[in-house]
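So you can see what is in the structure, the chains are spelled out below.
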Amino acid sequence: MEFLAPFIQIIVGLFSFLLVLRTWLQFCRVDPYMPISQTLMRLTNPVLNPLSKLIPTVKGINFAALLLAAGIVALQFVLFGVDVPRAVLIGLLSVVKTFGQILFFTTLIRALMSWVTQGNHPLDYTVAQITEPVLGIIRKILPKTGMLDFSVMVLGFALLFINSLFYQVFGQLWAVA
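Read on for a plain summary of the structure.

A short note on the nonpolar core
(1) Moving on: Formed by 31 residues in total, the largest nonpolar core has its most connected members in Leu19, Trp24, Leu25, Leu48, Leu103, Val134 and Leu155.
(2) Moving on: Listed by contribution, the elements that provide at least two residues to this core are α1 (5–27), α2 (35–54), α3 (63–79), α4 (84–116), α5 (122–141) and α6 (151–170).
(3) Moving on: A per-element tally of this core places α3 first, with nine residues.
(4) Moving on: Not counting residues within four places of it along the chain, the set of residues in contact with valine 134 comprises Trp24, Leu103 and Leu155.

What follows is the structure, given as structure tokens:
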């Protein structure tokens, strides 16, 4: 079983990432006919459709996908010998951490693409849809600075601060999540 642990971690981590990403794309109303949306649907529908009949989507948030993501991570840690309450906490933390990572890296990709493509690439539209719900809130709070948009930098620093805060609060649980 010990030699299978890295493979199990990779598979569980990937599937959990796909479920959280699908939830965020649904919440952001990313075009379901985009190739990334179609791929996520095809990969997650077989497991998610039966569960979605029991657990509804509320205000665009697919709770079935989030609970499944937390559940499979928790199950992974239970299989590795972690007690159930701690494994459930790690599962929930992993969903939060995955969401933060998705937001951080898509924001970074958006910033880098703005230098290169200047809005002329199909991926720009998708990445903008993914990051805009959070960046739009930050833009409303920040004062107007003309042509410069500091919302990306503020979001990046905020996510780094939150990551550090969660590590201080949860310690090793946050690190393994």
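This is not the end of the story, as more comes after the structure.
Concerning α6
(1) Moving on: For α6, built from 20 residues, the straight-helix expectation of 28 Å at 1.5 Å per residue is met to within 8% by its first-to-last C-alpha distance of 28 Å.
(2) Moving on: For α6, the full list of buried residues reads Ser151, Leu155, Gly156 and Leu159. Here the buried residues of α6 occupy an arc of 140 degrees about the axis, which is enough to place them on one side. Those residues of α6 that are exposed and angled more than 90 degrees off the buried face are Phe157, Phe161 and Gln168.
(3) Moving on: Elements in contact with the buried residues of α6: α4 and α5.
(4) Moving on: Just downstream of α6 lies glycine 171, where phi reads positive at about 60 degrees.

Observations concerning the packing of aromatic side chains
(1) Moving on: Evaluation of the coordinates by the stated rule reveals five aromatic pairs.
(2) Moving on: Look at tryptophan 24 and phenylalanine 27: their rings are 5.4 Å apart centre to centre, the planes differ by 25 degrees, and that puts the pair in the stacked class. Remark: phenylalanine 27 and tryptophan 24 occur in helix α1; sequence separation between them is three residues, near one turn of the helix.
(3) Moving on: Residue classification places phenylalanine 27 among the partly exposed residues on the basis of a relative accessible area of 34%.
(4) Moving on: With a centroid separation of 4.8 Å and 70 degrees between ring planes, the pair formed by tryptophan 24 and phenylalanine 99 is classed as edge-to-face. Within this pair, whereas tryptophan 24 is found in helix α1, its partner phenylalanine 99 is found in helix α4, the two being separated by 75 residues in sequence.
(5) Moving on: The exposure class assigned to tryptophan 24 is buried, which follows from its relative accessible area of 10%.
(6) Moving on: Aromatic ring contacts, followed pair by pair, group Trp24, Phe27 and Phe99 into a single cluster.

Overview of the side chain of threonine 98
(1) Moving on: Residue position: threonine 98 is located in helix α4.
(2) Moving on: Leave out the neighbours within four places in its chain, and threonine 98 touches Phe17 and Val20.

Some words on the packing of α3 against α4
(1) Moving on: One can describe the packing of α3 onto α4 by two numbers: an axis separation of 7 Å at closest approach and a directional angle of 135 degrees. Of the possible angle classes, the one that applies to α3 and α4 is oblique. Pair α3 / α4 crosses with right-handed handedness. Judged by residue contacts, Leu66, Ala69, Ala70, Val73, Ala74, Phe77 and Val78 of α3 engage Val84, Ala87, Val88, Ile90, Gly91, Leu92, Ser94 and Val95 from α4.
(2) Moving on: For the contact of α3 with α4, the residue count by class is 13 nonpolar, two polar and no charged.

Analysis parameters
- Residues numbered from 1 in each chain as written.
- Predicted model: local features only at pLDDT ≥ 70, side-chain atom pairs only at ≥ 80, totals over all residues.
- Heavy atoms only, no water.
- Core = buried A, V, L, I, M, F, W, Y, C linked by side-chain atoms within 4.5 Å.
- Buried < 20%, exposed > 50% of the residue type's maximum accessible area, 1.4 Å probe, protein only.
- Helix = DSSP H or I, 4+ residues; strand = E, 2+ residues; numbered from the N terminus.
- Contact = heavy atoms within 4.5 Å.
- Expected span 1.5 Å × (residues − 1).
- Arc of directions from axis to C-beta.
- Phe/Tyr/Trp six-rings, centres within 6.5 Å; stacked < 30°, edge-to-face > 60°.
- Axes fitted to C-alpha atoms, helices over the stretch in contact; angles between N-to-C directions.
- Parallel < 35°, antiparallel > 145°, perpendicular 65-115°, else oblique.
- Left-handed = near helix turned anticlockwise from the far one by under 90°.
- Nonpolar A, V, L, I, M, F, W, Y, C, P; charged D, E, K, R; others polar.

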